[in-house]
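Summary of the model geometry
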Amino acid sequence: MHDTGKAFVQFFVSLKLTVVLLALSAILVFAATLDQTHLGIWGIQEKWFRSLVVLQDFKGVPVPIFPGGYFIGTLLLINLIAAHIYRFTFNWKKSGIFITHLGLIILLVGELLTNLWQQDFQMRLTEGESKNYSESPRKNELAVIDTTDPEYDHVVAIPEALLRPGKSLQTPKLPFRLVVRDYFPNASLQMRSQVPNAPASLATTGIGPQVAVTPLPMTYKENETNVPAAYVELIGPQGSINTWLFSTALTDQTFQFEGKTYRFVLRPERFYTKFTVSLLKFSHDRFAGTEIDKNFSSRVRLQTDDGSTDREVLIYMNNPLRFQGLTFYQAGYDGDKTTFLQVVKNPSWLLPYVACAMIFAGLVIQFGLSLVGFAKKRSNQLAVA
Amino acid sequence: MSLRRLLSVTAAASLIALSGCRDSKISSYRVRKEAPAQPSIPPAAMDGGVPKLHWKAPADWKEQPAGNVRIASFSITTPEGGKADMSVTQFPGDVGGALANVNRWRGQLGLPAVTEEDLPKLVKTTTAPAGEFSVTEFGNDNKLIEGSKHDAMIGAWLKQPERTWFFKLSGDAEIVSAQRDAFMAFLQSVEFAAPDVASDPASLLDGAAAAAENGAAPLAGGPAAANRTVTWTAPTEWTPKPLGQMRKGSFALHGVDAAEADFSIISFPGEAGGIAENLNRWRKQIDLPPLAPTDLAGASSTVAHDGLRFTVVNYLGTTANGPTRLLGAILPLENETYFFKILGPDAVVSQHKDAFIGFLKTVKVR
């Protein structure tokens, strides 16, 4: 038993494990790069890097083919920490190595935390428009909005990931239960009159009965978006109420129940903030006589709900706005009046900077100590000679 | 030593636990009301409303994934190892015209370019349900590599005002020749479907508007800007009804003998297909034939008040319920269009005509 424990420890602290893991990382990056032609940049990140095991679909059966990024990264981290705890005894001569390795550990942990915590959103603003929310570029949500209150909307947001056929969704905030009758991650919607042979609709109310839904394979191309669609049945205390078709290609649909008005919409996931960003002016400069972009910038007004901040900010390439844990980057434009800001929430954004500084400092200290030692030795030798 | 081991295991366990802590949950929150939400632009809208093609392909044509340019792609193989490729593509405009197309294809086979005078000999036309196809056919008898097979091609194009569709079968001469009839049958099977709903919002609004008046919601596609608030004051004898799903206002108008007419107020983003299209939609609801836009103008009047201009119509038709009158007004605003409509038995609607015009004058836009 004692030997087994020892072997276990030896395995985790071994340099061989480090080499194997580094080699696996290289293969992982290479294979994922090749797979990018099929899945696109976001698809491979989920499949190859943000997973414990890489699963490949063989005729509908997911088969594990390679350890995923989380698995390799976690083992590397354990290997590094365990080796330190097991082997390393601190003394001043090795302080540089210690700081460098600590920096490496922080870099690995920072990357893991970024993967886990970072959220990307986008904000599309046309001159004169204000928003206190940004939207997810890839994830959607079914928003059930109680609009009865004249001043406020009470929103229940159901992530698209929960819209799975047969799933029953319930929350104390709603007087009815939502049961997903069918769900298509990507679909084409056409008026039924244009598709005479379309199968019968599951929807019983709203625009749904008049729309034909044709499921499509999911797209992973960067310039295309999936158009999800779901049939959802509302079930109240007295039983089934009605069935709706929701899709990002449909506008809001409203419904009255027990004296309250609800609005349903399948929309990009929203992230609300306690401040409002208004686009005052979007500037788009091109090189004279060409359509080649020279510079683009957004002058925005930033106002917090509590009135503590009200100022103008100029956002341009490499000069983002950082405010309340969010970073607003100038990401794109649509015409000469509309800007796209990329909004990133990453609580661990400082860690890579700290890690790099530590690695740099550690190396300087280590080489510095060696140099001093070498110089001393040499001067001693000269003195003896 | 045991402490070290404990630390290692704890670090490993916490990291593995951390990696599994992202899951989706229902959330709820309260937000201040905003201007009506901006509809998202579905990707189909980005393709500029290119109609979808349907066809029937022979069973021995193996469908291949379509690429960035190809709309459809098939491969045809023979047990002897012969190969041919069939592609369907689409480009805006006429792509240089017939001569340029023929010479481009000839160039692909290593054949010399031809002149305008040669075209009538090389290009034939064939009529199919989708339109008139120009078909050309040629082969290269010179073996590029000794022992290789001859290459041949049958190409066809279909010109439309905005774009040209290309159908090309190319490969080993024997297969291309054997598949000639199948290719021509393929052209005959080509059909155009209407553009996607999402790519042509105007085409939807007819159906969607009718649905909304019956209590449903329209499909996305309107403009983004914030809408203004529209208010009105209804006569007290009009009985308010539940709003339904899309109605901004809904009233029952009473006549003698418990006869009743329905008054609805709805709005749609943008022009909602235009006034002419909507007036014809209304005419259809009371079984009246559609009118040309010029005739429609003559059959409507304008009520102007407080800077607002209503297009008002008064139509009498005969439906299954007897003489039915539709009294309607359309109010285009900056980003949306309002529709006010009384529909019901002729006697009841006529009785409320003056009240309707009076009502329109109470409409205010803030």
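Details of the structure are given in the entry above.
First, a word on what this report is: a plain description of the structure on this page. Everything quoted here is computed from the prediction, not taken from an experiment.

What counts and how
Residues numbered from 1 in each chain as written. Chains lettered and ligands numbered in written order. Predicted model: local features only at pLDDT ≥ 70, side-chain atom pairs only at ≥ 80, totals over all residues. Helix = DSSP H or I, 4+ residues; strand = E, 2+ residues; numbered from the N terminus. Buried ≥ 20, exposed ≤ 12 C-beta atoms within 10 Å, placed from the backbone. Contact = placed C-beta atoms within 7 Å. Pairing = 2+ DSSP bridges. Axes fitted to C-alpha atoms, helices over the stretch in contact; angles between N-to-C directions. Parallel < 35°, antiparallel > 145°, perpendicular 65-115°, else oblique. Left-handed = near helix turned anticlockwise from the far one by under 90°. Nonpolar A, V, L, I, M, F, W, Y, C, P; charged D, E, K, R; others polar. Core = buried A, V, L, I, M, F, W, Y, C linked by C-beta atoms within 7 Å. Expected span 1.5 Å × (residues − 1).

**Focus on the overall build of chain A**
- Helix and strand counts for chain A stand at five helices and 18 strands.
- Relative to its full complement of 385 residues, chain A shows a buried share of 29%.
- The contacts in chain A between residues at least 6 apart in sequence include a share of 56% that link residues at least 24 apart.

**A word on the overall build of chain B**
- The secondary structure content of chain B amounts to ten helices and 19 strands.
- Buried positions account for 30% of the 366 residues belonging to chain B.
- Intrachain contacts of chain B at a sequence separation of at least 6 include 54% that bridge at least 24 residues.

**Observations regarding the pairing of strand S4 (residues 70-77) of chain B**
All names here are of chain B.
- Pairing of strand S3 (residues 62-64) with S4 involves three bridges; the strand directions are antiparallel. Residue Glu-63 lies in a different strand from S4, and its bridge partner there is Phe-74.
- In this sheet, strand S5 (residues 83-92) lies alongside S4 in antiparallel orientation, the contact comprising seven bridges. When the bridges of S5 are listed, Phe-74 appears paired with Met-86.
- Counting the residues between successive antiparallel strands, the hairpin from S4 to S5 contains five residues, one of them, Gly-81, with a positive phi of roughly 100°.

**Observations regarding the packing of helix H2 (residues 15-49) of chain A against helix H3 (residues 69-87) of chain A**
Residues and elements named next belong to chain A.
- In contact at an axis separation of 9 Å, H2 and H3 are set at 150° when each is read in the N-to-C sense. It follows from the interaxial angle that H2 and H3 lie roughly antiparallel. Every pair of crossing elements has a handedness; the one defined by H2 and H3 is left-handed. Facing Leu-17, Thr-18, Leu-21, Leu-24, Ser-25, Leu-28, Trp-48 and Phe-49 of H2, the residues of H3 in contact are Gly-69, Ile-72, Leu-75, Leu-76 and Asn-79.
- In terms of residue class, the contact of H2 with H3 is built from nine nonpolar, four polar and no charged.

**Regarding the sheet that holds strand S11 (residues 239-247) of chain A**
All names here are of chain A.
- With antiparallel pairing, the four strands of this open sheet are ordered in space as S6-S7-S10-S11. Across the chains shown, the open sheet's two edge strands, defined by having one partner strand only, are strand S6 (168-169) and S11.
- Across two bridges, S6 lies against strand S7 (residues 177-184) in antiparallel orientation. Its bridge partner being in S7, Leu-169 is matched across the sheet by Leu-178.

**Here's the deal with the packing of H3(A) against helix H4 (residues 95-117) of chain A**
All names here are of chain A.
- Across the interface, H3 lies against H4 with an axial gap of 10 Å and an inter-helix angle of 155°. Judged by the inter-axis angle, H3 sits roughly antiparallel to H4. At the point where H3 passes H4, the crossing takes the left-handed sense. Residues Gly-73, Leu-76, Leu-77, Leu-80, Ile-81 and His-84 of H3 pack against His-101, Leu-104, Ile-105, Leu-108, Val-109 and Leu-112 of H4.

**Describing the sheet that holds S5(B)**
Residue and element names in this part refer to chain B.
- Read from one edge of the open sheet, seven strands run S3-S4-S5-S9-S8-S7-S6, paired in antiparallel fashion. Among the strands making up the open sheet, the edge pair consists of S3 and strand S6 (123-128). Going across the sheet, the axis of each strand differs from the next one's by a mean of 20°, ignoring polarity.
- Strands in contact with helix H5 (residues 180-189) are S6, strand S7 (131-140), strand S8 (151-159) and strand S9 (163-172); relative to S6, the strand with the most contacts, it is inclined by about 50°.

**Some points on the nonpolar core**
- In terms of nonpolar packing, the biggest core is built from 38 residues, with Val144(A), Val213(A), Ala229(A), Ala230(A), Leu245(A) and Phe246(A) touching the most fellow members.
- Sorting the residues of this core by element identifies strand S4 (130-146), strand S5 (152-159), S7, strand S8 (187-191), strand S9 (211-215), strand S10 (229-236), S11 and strand S13 (260-286) of chain A as the ones contributing at least two each.
- The residues contacting Ala230(A), other than those within four sequence positions of it, are Leu163(A), Val180(A), Asp182(A), Tyr183(A) and Phe246(A).
- By size, the runner-up hydrophobic cluster in this structure holds 24 residues, among which are Ala84(B), Trp165(B), Val176(B) and Phe186(B).

**A closer look at the environment of Lys345(A)**
Residues and elements named next belong to chain A.
- Its location among the elements puts Lys-345 in strand S18 (residues 338-345).
- In this structure, the C-alpha to C-alpha distance between Lys-345 and Asp-120, residues 225 residues apart in sequence, is 6.5 Å.
- Dropping the residues within four chain positions of it, Lys-345 is found in contact with Gln-118, Gln-119, Gly-325 and Leu-326.

**Description of helix H5 (residues 351-384) of chain A**
- In this model H5(A) runs 49 Å from its N-terminal to its C-terminal C-alpha over 34 residues, within 8% of the 50 Å that 1.5 Å per residue would give.
- Across the 34 residues that make up H5(A), only a small minority, two, are buried.

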